[in-house]
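A closer look at the structure
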Amino acid sequence: MSKLIDRLLDLLATREFDESELAEMAGVSRNTVGNHIDTLEAAGFVESVPHAPRYRVDTESAAFRRAVELDVAVRDALE
């Protein structure tokens with residue numbers, strides 16, 4: 001799941017993707033994405049695109065904003 005979240009943090013809010021595209025970007029199998037996409041949506045990392053089997057990053061969710069803050073803090077600490 002960490003590979004998926006890491007890749008989601010790098011996506012633009014307007015970028016739509018399907019499960020196969022996210023799997024390719026994260027370097028995991030489509031089955032892995034399929035096993036976790038509902039959890040990612042429930043946690044607020046992604047939202048469904050209406051009328052399509054596609055998703056986009058939910059940058060307005062508290063969980064996503066906290067993940068971005070943590071990502072920035074870790075990167076700053078490593079510099």
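This text goes with the structure placed above it.
None of the values given here were measured: they were computed from a predicted structure.

Strand order in the open sheet made by the 3 strands is β1-β3-β2, with antiparallel pairing throughout. Since the sheet does not close on itself, it has two edges, and those belong to β1 (16-17) and β2 (46-48), each with one partner. As paired elements, β1 and strand β3 (residues 55-57) share 2 bridges and run antiparallel to each other. Residue pairing for β3: E16 is matched across the bridge by R56. The strands touched by helix α3 (residues 30-43) are β2 and β3; relative to β2, the strand with the most contacts, the crossing angle is about 100°.

Direction vectors running N to C along helix α2 (residues 19-26) and α3 enclose 115°, while the axes themselves pass 8 Å from each other. Between α2 and α3, the angle is such that the two are roughly perpendicular. In the crossing of α2 with α3, the sense of the turn from one axis to the other is right-handed. Between α2 and α3, the contacting residues are E19, S20, L22 and A23 on the first element and R30, V33, G34 and I37 on the second. Here the contact of α2 with α3 is built from residues that sort into 4 nonpolar, 2 polar and 2 charged.

Criteria and cut-off values
Residues numbered from 1 in each chain as written. Predicted model: local features only at pLDDT ≥ 70, side-chain atom pairs only at ≥ 80, totals over all residues. Heavy atoms only, no water. Pairing = 2+ DSSP bridges. Helix = DSSP H or I, 4+ residues; strand = E, 2+ residues; numbered from the N terminus. Contact = heavy atoms within 4.5 Å. Axes fitted to C-alpha atoms, helices over the stretch in contact; angles between N-to-C directions. Parallel < 35°, antiparallel > 145°, perpendicular 65-115°, else oblique. Left-handed = near helix turned anticlockwise from the far one by under 90°. Nonpolar A, V, L, I, M, F, W, Y, C, P; charged D, E, K, R; others polar.

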